[in-house]
Structure formats: C-alpha cells, structure tokens
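Listed below, chain by chain, are the residues.
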Amino acid sequence: MGKPLVAVFSGAGMSTDSGIPDYRGPQGLWRREPDAEKLVTYAYYMADPEIRRRSWLMRAELGALGAQPNAAHRAVAELERGGTPVRVVTQNVDGLQQLAGMPARKVFELHGSARAVVCTACHARSAMDGALARVAAGEPDPACLSCGGILKAATVMFGERLDPQVLGQAVAVAKGCQVFIAVGTTLQVQPAASLAGMAAEAGARLIIVNAEETPYDPLADEVIREPIGTALPALLARLGAEG
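Below you will find a few notes about this structure.

Conventions we followed
Residues numbered from 1 in each chain as written. Predicted model: local features only at pLDDT ≥ 70, side-chain atom pairs only at ≥ 80, totals over all residues. Heavy atoms only, no water. Axes fitted to C-alpha atoms, helices over the stretch in contact; angles between N-to-C directions. Helix = DSSP H or I, 4+ residues; strand = E, 2+ residues; numbered from the N terminus. Left-handed = near helix turned anticlockwise from the far one by under 90°. Contact = heavy atoms within 4.5 Å. Nonpolar A, V, L, I, M, F, W, Y, C, P; charged D, E, K, R; others polar. Buried < 20%, exposed > 50% of the residue type's maximum accessible area, 1.4 Å probe, protein only. Arc of directions from axis to C-beta. Polar contact = N/O pair within 3.5 Å; in protein donor to acceptor, adjacent residues only side chain to side chain. Pairing = 2+ DSSP bridges.

1. Structural notes on the packing of helix H7 (residues 164-176) against helix H8 (residues 194-201)
The description of two packed helices rests on the angle between their axes and on the distance between the axes.
Turning to step 1, where the next piece is worked out: It is the contact of H7 with H8, at a shortest axis distance of 7 Å, that shows an interaxial angle of 35°. Of the two possible hands of crossing, H7 and H8 adopt the one that is right-handed. Between H7 and H8, the contacting residues are Ala170, Val171, Ala174 and Lys175 on the first element and Leu195, Met198 and Ala199 on the second.
Turning to step 2, where the next piece is worked out: Split into classes, the residues belonging to the contact of H7 with H8 amount to six nonpolar, no polar and one charged.

2. Some thoughts on helix H6 (residues 128-136)
For an α-helix, 3.6 residues make a turn, and residues three or four places apart therefore share a direction.
Turning to step 1, where the next piece is worked out: Listed in full, the buried residues belonging to H6 are Met128, Ala131, Leu132, Arg134 and Val135. The arc enclosing the buried residues of H6, seen along the axis, measures out at 155°, which places them on a common side. Relative to its buried face, H6 has exposed residues pointing more than 90 degrees away, namely Asp129 and Ala136.
Turning to step 2, where the next piece is worked out: For H6, the secondary structure elements touched by its buried residues are helix H3 (49-62), strand E4 (112-119), strand E5 (125-127) and strand E6 (151-155).
Turning to step 3, where the next piece is worked out: Two residues or fewer past H6, Gly138 is found with a positive phi of approximately 115°.

3. Quick look at the side chain of Ser18
Turning to step 1, where the next piece is worked out: Structurally, Ser18 is set in the loop between strand E1 (6-10) and helix H1 (29-32).
Turning to step 2, where the next piece is worked out: Ser18 gets classed as buried once you look at its relative accessible area, which sits at 15%.
Turning to step 3, where the next piece is worked out: Engagement of the side chain of Ser18 in a polar contact is seen with the side chain of Asn70, the distance being 3.1 Å.
Turning to step 4, where the next piece is worked out: Those residues within four positions of Ser18 in sequence are excluded, and the remaining contacts are Ala67, Gln68, Pro69, Asn70, His73 and Leu96.

4. Some thoughts on the sheet that holds strand E2 (residues 86-90)
Note: strands within a sheet are paired through backbone hydrogen bonds, in either parallel or antiparallel orientation.
Turning to step 1, where the next piece is worked out: Spatially, the six strands line up as an open sheet ordered E3-E2-E1-E7-E8-E9, and their pairing is parallel. Sheet topology places strand E3 (107-109) and strand E9 (222-224) at the edges, where each strand pairs with a single neighbour. Taken over all neighbouring pairs, the strand axes of this sheet differ in orientation by 15° on average, direction set aside.
Turning to step 2, where the next piece is worked out: Sheet analysis places E2 next to E3, joined by three bridges and oriented parallel. Opposite Thr90, over in E3, you have Glu109 as the bridge partner.
Turning to step 3, where the next piece is worked out: Those strands touched by helix H4 (residues 71-81) are E1 and E2, and its axis lies near 150° from that of E2.

In short, shape yes, function no, at least from these values alone.
Here's what the structure looks like:
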C-alpha cells in the first residue's frame, strides 16, 4: 500500500508567524479596523477611487510580499519532498506555501493570490510588485497598462464568487484524501469550511490544529490547540513516520 494522501487546509493562522495578521482573530484586522473590510469589498472598490487609493496603500503597508515562509509552511513542503502525497488547499493569498518549496500545481488557492494583479476589464494579469512600484512612484490608483481598466489584486474580494474550477479541485482533494488537516482556520467561512465535513464524510481522518474552537471539532479524530509553528511540524513528522 502507498502512503495516504494528506490534504492540508490552511487559513490565516498558518501565516501569522510570518508576520501576516489574521482577519477574524482577537487581534485581527477586521476587529482593529472594521472599515478596512470596505477596502476589499468588490462593490465599494469598483465604485470609489478613494477606496481604491486606500486599498493600494493598505497593500503597500502590510508588506505581505516581503514575508517569508515559517516553520509550518516548511514542514508541509518537507512532508511532500519526503514522498508523502500532499495537496494544499488554502484560504491564504500570500503564496508562502509555494515559497517554502511546495509545487504550485499541488497548491489550490481558494481566495486567489496577492502576488498578482488583474484588470477588471480585459483580465490582463501582471505582478503585484509592479503595481506597488507605480503606487510608490505617485500613482494613487494605477490603471491597466493594456486597456486603462481598473486594476485589482488577483484575490477574491468580498462580493466575488470563488473560482469554480479551483473550488472543484479543492472538493476533489477533500473527497479523495485519507488525512485532512485543517490548520489555522476558524472553519466558519463557507463554502470553503465545508471541505472539512466533506473529507470526514468520505472517511478521511480529520485533524484540526487551531487555537480556538471550530464548528467541526465534534467531527474531528484529533484536535490540537498548541501553537501552529511547533504543533504542525510535530504532527507532520508523526504522519510521515506512520507512512
């Protein structure tokens, strides 16, 4: 028998050790500045140049492009390199799992990527650092260089649908894996959170690594409340040894 397929479903808590704040936790961005939610809400963003200006400034200030993978990201990539089949389904947009060495084709980004920008008119895609360089040079709301349309981060904003193809791939992973690890996520945002239930229903071993309770804890075979930066590497080392 081959090694079991391990699905890692990651949320914002996975990247807090890399200096990227979560959104809904006790120190989360939405709790500290509720108005910030407008900056990533599609209808507000498209209608108001001032919202776009503030949104670009927020991206520049958050400095997510300068963040580096942490021990949890590295442990996932090491498990995959060690011969265990691993797929990552992530709610994060930071690209840190790929930077840690996980092949991009094995990472499914449900909420898109903050490392790219896309034109809302012609759908041309380019690097985020280029757009931020234009903001730093004095363009408060940089337009698409191809057609002049409104640019936005290649992320799924509030009010936008998830990419059905990426969601379909994530569902296939959840239903096909033998181990499903939900890490650093409150499992409250649907439809993404329902992947944990789908995995359990399909017979996967469900493991939840999160500081706070989640609605799916009663379904879990194991719940770990320890800090992710140490708990996840230890768990993945255990799973790798089991295989």
